[in-house]
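# Coordinates in review
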Amino acid sequence: MTDSLLDDLQASVSEAVAAVDGASDLEALDTIERSALGKKGFFTAAKKAVGGLEPDERKAAGQGINEAKATLDQAIAARKSALQTSARAAQYESERLDLTEVPATASVGHAHIVTQTWEELEDVFVGMGFRVAEGPQVETDWHNFDAMNIPKGHPARDGFDTIYVNHGEPGSTLLRTHTSPVQMRTMLEQEPPIYVIAPGRVFRRDTADATHMPVFHQLEGLVIDRNISLADLAGTIDSFVEAYFGKTFPSRLRPNYFPFTEPSAEFDLQQPDGSWLEMGGCGMVHPNVLRAGGVDPEEWSAFAFGFGMDRLALMKYGVDDLRDMFANDQRFLAQF
Ligand code: PHE
């Protein structure tokens, strides 16, 4: 009795395995699986038949059924995985994009005007022998102010509309108001001579207008070497202006005050219409700043400058409102 039951089952399984191996897609496979293993399938029938066997025959019959089922399960799993692989390959093939030809209607983007300016200025200064330094945008009060000779309570602090960050001791963490803290980080990390620039984003609690933004971009320069003078500073400014604009502009240094430089100056460029445009600040690095950075002011002298990259781009491209640069209007951006 058991033998004939198992023989029949074996024959059904062989037939089903052959059908499984020949299934042409996942749907066909599913149909075969259901007809073999479903409620009306031959396995259910075989299990029911076991109930009618003598008790001593049941164990062998049950084992035989389990083995037969394992054979069929394995065949189904193998076919399923093969069909899935080829279905995926067919899908990839049908979704293939031809990227070798860009259609004439596609518009090709480009870097933002500020990014272009940033990269061009890096190239200009690297060409002059400077290296590029970086510092964090979230800065300590010490790097941004104290170390730059602006101790707590110093009136110059009020000139920077600082945005403080809720972190650590109140007032200890801020969004850097200028790129000058990178001077300090560089001095603490490197031995002079030092020739670096530090382009980066800076933040002030400022209302946006034609020449101001609460978030803008500065480029800091720092040179520390023996016998550096104001003449070297003026020469560096003229050289980079000529390299960036591709021509010379008359430039002038106007006396000014910064706590971290002495003497300090503002540098202006003369525009074609004769008017002077304020570009940034500069000066000989104050001995207190050099000392804070571990540099001996008796042995080394230094100059530094910092200007707004956005303003420089404004002048180069004749844009008259800084806000246009950050409004992300495609019609504006596509022009550069
Ligand atoms: N940090 C100054 C500012 O943001 C600019 C500056 C840099 C002035 C270096 C002197 C030297 O206004």
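Residues numbered from 1 in each chain as written. Predicted model: local features only at pLDDT ≥ 70, side-chain atom pairs only at ≥ 80, totals over all residues. Heavy atoms only, no water.

## Overview of the site of the ligand
We count it as follows: Residues are labelled near a given molecule or strand when at least one of their non-hydrogen atoms is within 4 Å of it. Under the rule applied, a polar contact is a pair of N or O atoms within 3.5 Å (in protein, one hydrogen donor and one hydrogen acceptor; residues adjacent in sequence only if both atoms are side-chain atoms). Residue burial considers only the protein chains on display, and all accessible areas are found by Shrake-Rupley using a 1.4 Å probe. Under the DSSP-based scheme used, a helix requires at least four consecutive residues in state H or I and a strand at least two consecutive residues in state E, with every element numbered from the N terminus. By the convention adopted, Pro, Cys, Tyr, Trp, Phe, Met, Ile, Leu, Val and Ala count as nonpolar, Lys, Arg, Asp and Glu as charged, and the other residues, Gly among them, as polar.
Taken together, 14 residues lie around the ligand, and H178, S180, R204, Q218 and E220 are the ones closest in. In the environment of the ligand, a nitrogen atom lies 3.0 Å from a nitrogen or oxygen atom belonging to the side chain of H178. Here Q218 contributes a side-chain N or O atom positioned 2.9 Å from an oxygen atom of the ligand. Coverage of the ligand by the protein chains reaches 93% of its 320 Å² of free accessible surface. Elements that contribute at least two residues to the shell around the ligand include exactly β6 (215–225), β9 (276–285) and β10 (301–308). Among the residues forming the shell around the ligand, the class breakdown is five nonpolar, seven polar and two charged.

## Details of the domain arrangement of the chain
Heads up, the condition is: Domain borders in the structure are assigned automatically or taken from a domain database.
Segmentation of the chain into domains returns domain 1 (2–95) and domain 2 (113–333). The gap between the C-alpha centroids of domain 1 and domain 2 is 76 Å.

## Some words on the packing of helix α5 (residues 113–127) against helix α9 (residues 230–245)
Put simply, the test is: Axis angles are defined between N-to-C directions and span 0 to 180 degrees, where every axis is a line fitted to C-alpha atoms and, for a helix, only to the segment in contact. Here the angle decides the label: under 35 degrees means roughly parallel, over 145 means roughly antiparallel, 65 to 115 means roughly perpendicular, and every other value means oblique. By definition, turning the near helix anticlockwise from the far helix through less than a right angle yields a left-handed crossing, and turning it clockwise yields a right-handed one. Any two residues having at least one pair of non-hydrogen atoms within 4.5 Å are treated as being in contact.
Contact geometry for α5 and α9: axes closest at 10 Å, N-to-C directions at 130°. One element, α5, and the other, α9, form an angle in the oblique class. Pair α5 / α9 crosses with right-handed handedness. For the pair formed by α5 and α9, the contact residues are T117, E120, L121, V124 and F125 on the first element and F240, A243 and Y244 on the second. Residue classes in the contact of α5 with α9 are distributed as six nonpolar, one polar and one charged.

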